[in-house]
Amino acid sequence: MALSVTITATSGAAADGIAENAAFAVLHDGSILIDNKILIFTLSGSAIFTDSLTNTTSRVTSVIGSASVSFTDLVGETVIITAAYQDDPLVSGYTESTFVDIPLVLEPPYIEPSFGNIIDYSVIENTIDFIVPPWANMKVGDIVHAYIGNITAWDAIYRVEQNDIGNSIRIVINNAKDLLFQYIDKTLVAYYKVGDIQSPDALYYVVNAYIRNVSIIGNRDSDGSALHLCAFNSLTGNPIKVRWQYYLEDTWQESARFTDRHPLKELHVSLANQSGTITIYPMNTAAVGDSNNSIAFAVTLAGKLVTWGGRLEWAVPPSNVAALSNITAIIASPNIVAVLDTNNTLYSWGNNAVGGNLTAIVDNVLTAICNRSAICAITDGGYLNAWGNIYAGGKLPTGLPVENGYISVSAARGAFCAVNRQGFAVAWGENNFGGNMPKDIQNINNIVDVFATDGAFAVLTDIGVVRAWGNGDYGGTLHKSINNAIAISSSSKAFAVLRSDNTVTAWGNGLYGGIVPANIAALRNIIAISSTDGAFCVLCDNGKIYTWGSKEYAGVIPPDIVNKDILTVSGISGAFSYITNKGSVSGWANSGTFNTVSDHFYRTAYRLTRNTPINTFLCMDLDGNIVSIGDKGSVGNLPPGINNMLRYSEFKF
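Note that the structure is a prediction, hence the values are computed from the model and not measured.

Enquirer: What exactly am I supposed to notice about the overall build of the protein chain here?
Expert: Each helix and strand counted, the protein chain has four helices and 56 strands in total. Taken over the C-alpha trace, the protein chain has a radius of gyration of 37 Å; the compact-globule value for 653 residues is 26 Å, which it surpasses by more than 25%. C-alpha atoms of the protein chain, sized along the principal axes, occupy 130 × 55 × 50 Å. Of all 653 residues assigned to the protein chain, the portion counted as buried reaches 54%. Contacts spanning at least 24 positions in sequence make up 50% of the contacts within the protein chain whose residues lie at least 6 apart. Only carbon and sulfur atoms are counted for the fraction: they give 49% of the accessible area of the protein chain, which is about 27000 Å². Of the charged side chains in the protein chain, 37 are positive and 54 negative, and the gap between their average positions amounts to 15 Å.

In structure tokens:
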């Protein structure tokens, strides 16, 4: 008999380049099976063998004369598979095998750079990439049509090449800044088509900044400065609008800069339509004393209170405070120290020689402030609670409504002023130094904030009107009306107001900053104000600063100050410090310019002295690196091991 080849094959595999059909061939001479001979297999159409990745392969027959092969296809089709005897190709056989088209399933595209579904406009340079994921039956010659389109349209056509098979396709979009600008704070839709099949939409939200790229800089301190906290884009160094919200409060403020009026509270920073929050921890450093003897305090990550510097018997923490391990914040005035724990219990102590008992434990405290010889706290429900020198506001006067939904309180040297949710204010303490509020101001019902010098108060209404009262030598007399105000700052004897047109005005004692020089009054780009006891410093949107007031209180900027790229300014009794958009920190006092520190990106420069000519700041970065600048004095030499014991902020999803 003659040699012949019998061949059979499977069918039904998906045409995805992965699923396989198989063929089985037998070389025989009648009933005699021929082994150890070579069969050549070939395929028609687009199919390829899995071993050779071509349409031809070979096999040696087994002891039973058989040989088998497997093959794949990217096209739904019926192919012919042929097996021929190598020594005599006329001895052959063939059969059919069918691959089944599968529905074309496309994944959504994605855009780079992006963070999840967020595109940070600030990091985009000239191009972005439109990424098309590979699909199951991808083949050379497929046409991809990419689209971005619900506001400003963009599209591109791409032809699949051999080296694209199985890989993502990257299509470059040029002039991306111009394209994406139209989408800031809006949703961008991206999709593509392969033939007539369209991918699902990919939705991206385009923002001026991504929350993970936002950083906060500035002091947690209600020290007379205005708009001193700044949110900025850490990648560009530019200020960015964010939402500022105190923990557990319902309202928030959207701005690039923020005036901190409650340094005992956690402050949360977020961005609209983005998950994640930056928590700015409460004020965790303070100092008391005078030029001869100052003592500094810091609240550590472990909730303990550490002290260093001089020795003031009255300032030594009581044993019950020293034993605490859950302290979250601290405030102080020259004669008083108070700490708040995680249970919102306030512990205070102080120099009782100034009159009255300053030692107290008060529960459920929301916020608190000290003047020179008394303390006032607001507790749950908006109750007022005051103690200390009764003539300086340490006792609430008869008839003052203590339960009236109070939300904030400010302190002059010997008086307090509190504001409630209805926008009314009350004052008490030394009558001639702010404690006696005029009747017409008592009737104002839209007050949103109150500020103080040593002997006067100024209130700001929700329509930008400013009113003042108290001792005229301390800014208590406002000789002309002020409207369109957005922020108030104060020295010890003068007030300064930032208006909505980015100009500044002032009143009070001229030697302490109550008169604005003409060149500064002419500025139209002021964005923040800080103060010392006798001078003011304004920050402009170009990163430059200007000062006026007493030279003794740092009212004159030394000529060697590098006056540019400044993001925030803070003041203590007689000195200013500043931080640049590169994170370096420096400052000056009447004695001269401080050394510039730039070994870390510093976020805050807390005052380590107050009401003393020794001017020292403590600078802190996100990792807890600590350095002091200014006069060393008794607190400028930081204790060993304080590095990494404090924290400024933390990002939380």
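Enquirer: I keep staring at the nonpolar core and nothing clicks. Help me out?
Expert: Within soluble globular proteins, side chains that are nonpolar tend to cluster in buried spots. Membership of the largest hydrophobic core comes to 34 residues, with the highest contact counts inside it found for Val-214, Ile-216, Val-242, Trp-244 and Trp-308. Contributions of two or more residues to this core are made by strand E19 (202-207), strand E20 (214-217), strand E21 (229-233), strand E22 (242-246), strand E25 (267-270), strand E26 (277-280), strand E28 (294-299) and strand E54 (616-621). Counting residues per element, this core draws most heavily on E22, which supplies three residues. The residues contacting Val-214, other than those within four sequence positions of it, are Ala-209, Ala-231, Phe-232, Ile-240, Val-242, Leu-271 and Ile-278. Judged by nonpolar contacts, the second largest core, of 31 residues, contains Ile-111, Val-144, Ala-146 and Val-206.

Enquirer: Where do I start with unusual backbone geometry in this structure?
Expert: For residues other than glycine, phi is negative in most cases, and the peptide bonds are mostly trans. Residues Glu-112 and Pro-113 are joined by a peptide bond in cis, for which omega reads 0°. Tracing the chain through its elements places Pro-113 in the loop between strand E11 (110-112) and strand E12 (118-120). One non-glycine residue, Asn-502, lies in the positive phi region at around 65°. Relative to the helices and strands, Asn-502 resides in the loop between strand E44 (494-499) and strand E45 (504-508).

Enquirer: So what exactly am I meant to see when it comes to the pairing of strand E5 (residues 38-43) here?
Expert: Side-chain direction in a regular strand flips from residue to residue, so the side chains alternate between the two faces of the sheet. Residues Leu-39, Phe-41 and Leu-43 point to one face of E5 and are all buried, whereas Ile-38, Ile-40 and Thr-42, pointing to the other face, are not buried. Where E5 lies against strand E7 (residues 56-60), five bridges are found, and the strand directions are antiparallel. What sits directly across from Ile-38, in E7, is Val-60. As paired elements, E5 and strand E9 (residues 78-85) share five bridges and run antiparallel to each other.

Enquirer: Got a minute to help me understand the sheet that holds strand E29 (residues 305-309) in this structure?
Expert: Across a sheet, paired strands are connected by hydrogen bonds in the backbone, their directions being either parallel or antiparallel. Read from one edge to the other, the open sheet built from three strands follows the order E27-E28-E29, with strand pairing classed as antiparallel. Edge positions in the sheet fall to strand E27 (285-289) and E29, since each has one partner strand and no second. Across the sheet, the mean angle separating the axes of adjacent strands is 20° when strand polarity is ignored. With five bridges joining them, E27 and E28 adopt antiparallel strand pairing. Note that in E28 the partner of Gly-289 across the bridge is Ser-294.

Enquirer: Looking at this structure, how should I read the sheet that holds strand E42 (residues 466-470)?
Expert: Strand order in the open sheet made by the three strands is E40-E41-E42, with antiparallel pairing throughout. Because the sheet does not close on itself, it has two edges, and the strands there are strand E40 (447-452) and E42. For this sheet, the mean angle separating the axes of adjacent strands, direction not counted, is 20°. Two elements, strand E41 (residues 456-461) and E42, share five bridges in a ladder whose sense is antiparallel. Across the sheet, residue Val-459 finds its bridge partner in E42, namely Arg-467.

Enquirer: Would you take a moment to explain the packing of aromatic side chains for this structure?
Expert: Any aromatic ring pair is given by two values, namely how distant the centres are and how the planes are angled relative to each other. If you walk through the whole model with that rule in mind, you get 19 aromatic pairs. Consider the rings of Phe-416 and Trp-428, whose centres lie 5.7 Å apart with planes at 35°: the pair is tilted. Of this pair, Phe-416 sits in strand E38 (residues 415-420) while Trp-428 sits in strand E39 (residues 425-429); the two residues are twelve residues apart in sequence, bridging distant segments of the chain. The buried category is assigned to Trp-428, whose relative accessible area is 2%. What links up through ring pairs into an aromatic cluster is the set Phe-49, Phe-71 and Phe-99. A cation over an aromatic ring shows up here: Arg-261 above the ring of Phe-451, its NZ or CZ 4.3 Å from the ring centre. Taking NZ or CZ as reference, Lys-265 lies 5.8 Å from the ring centre of Tyr-246, over its face.

Enquirer: Even after reading the chapter, I still don't get the environment of Arg-421, so can you show me in this structure?
Expert: Summarising the element assignment, Arg-421 is placed in the loop between E38 and E39. Owing to a relative accessible area of 67%, Arg-421 belongs among the exposed residues under this scheme. Separated by 232 residues in sequence, Arg-421 and Phe-653 have C-alpha atoms that sit 31 Å apart. Dropping the residues within four chain positions of it, Arg-421 is found in contact with Gly-405 and Ile-407.

Enquirer: When you look at the pattern of salt bridges in this model, what are you seeing that I'm missing?
Expert: Between side chains of opposite charge, a pair can form when the charged atoms approach closely. In the structure shown here, the tally under the stated rule is twelve salt bridges. For the salt bridge of Glu-112 with Arg-170, the shortest nitrogen-to-oxygen distance reads 2.9 Å. Of this pair, Glu-112 sits in strand E11 while Arg-170 sits in strand E16 (residues 169-173), and the two are 58 residues apart along the sequence. The partly exposed category is assigned to Glu-112, whose relative accessible area is 31%. Linking Arg-170 and Asp-129 is a salt bridge whose minimum nitrogen-to-oxygen distance equals 2.9 Å. Taken as a pair, Arg-170 in strand E16 and Asp-129 in strand E13 (residues 128-132) lie far apart in primary sequence, 41 residues in all. Through salt bridges with shared partners, a single ionic network connects Glu-112, Asp-129 and Arg-170.

Enquirer: What should I look at first to understand the side chain of Arg-257 in this one?
Expert: The topology assignment puts Arg-257 in strand E24 (residues 257-258). The charged side chain of Arg-257 is buried without a salt bridge, its nearest counter-charge being Asp-541 at 9.4 Å. Here Leu-567 takes part through its backbone oxygen, which lies 2.8 Å from a polar atom of the side chain of Arg-257. In contact with Arg-257, other than residues within four places in its own chain, are Leu-227, Leu-229, Cys-230, Pro-239, Trp-244, Ile-527, Ala-528, Leu-539 and Leu-567.

Enquirer: Just checking my understanding: could you explain the environment of Ala-494 for this structure?
Expert: Counting through the fold element by element, Ala-494 comes out in strand E44. Under the relative-accessibility criterion, Ala-494 is labelled buried at 0%. Spatially, the C-alpha atoms of Ala-494 and Asp-250 are 33 Å apart, while their sequence positions differ by 244 residues. Ignoring anything within four residues of it in the chain, the contact list for Ala-494 reads Thr-453, Tyr-474, Ser-489, Trp-507, Gly-508, Asn-509, Tyr-512, Gly-513, Gly-514 and Phe-536.

Enquirer: What should I look at first to understand the environment of Val-562 in this one?
Expert: With respect to the helices and strands, Val-562 occurs in the loop between strand E48 (545-549) and strand E49 (566-571). In this structure Val-562 comes out as exposed when scored by relative accessible area, which is 52%. Linking Val-562 and Lys-544, residues 18 residues apart in sequence, is a C-alpha distance of 9.1 Å.

Enquirer: Honestly, the state of the cysteines in this entry has me stumped. Any pointers?
Expert: Two cysteines, two sulfur atoms, one covalent bond between them: this is a disulfide. On inspection of all chains with the given rule, the structure shows zero disulfides. With no disulfide of its own, Cys-230 has Cys-540 as its nearest cysteine by sulfur position, at a separation of 14 Å. Free cysteine: Cys-537, not disulfide-bonded; nearest cysteine sulfur from Cys-540 at 9.1 Å.

The rules we used
- Residues numbered from 1 in each chain as written.
- Predicted model: local features only at pLDDT ≥ 70, side-chain atom pairs only at ≥ 80, totals over all residues.
- Heavy atoms only, no water.
- Helix = DSSP H or I, 4+ residues; strand = E, 2+ residues; numbered from the N terminus.
- Rg over C-alpha atoms; globule rule 2.2 N^0.38 Å.
- Buried < 20%, exposed > 50% of the residue type's maximum accessible area, 1.4 Å probe, protein only.
- Contact = heavy atoms within 4.5 Å.
- Areas by Shrake-Rupley, 256 points an atom, 1.4 Å probe, with all protein chains shown as cover.
- Lys, Arg positive; Asp, Glu negative; His and termini not counted.
- Charge placed at Lys NZ, Arg CZ, Asp CG, Glu CD.
- Core = buried A, V, L, I, M, F, W, Y, C linked by side-chain atoms within 4.5 Å.
- Pairing = 2+ DSSP bridges.
- Axes fitted to C-alpha atoms, helices over the stretch in contact; angles between N-to-C directions.
- Phe/Tyr/Trp six-rings, centres within 6.5 Å; stacked < 30°, edge-to-face > 60°.
- Lys NZ or Arg CZ within 6 Å of the ring centre and 35° of its normal.
- Salt bridge = Lys/Arg side-chain N within 4 Å of Asp/Glu carboxyl O.
- Polar contact = N/O pair within 3.5 Å; in protein donor to acceptor, adjacent residues only side chain to side chain.
- Disulfide = S-S within 2.5 Å.

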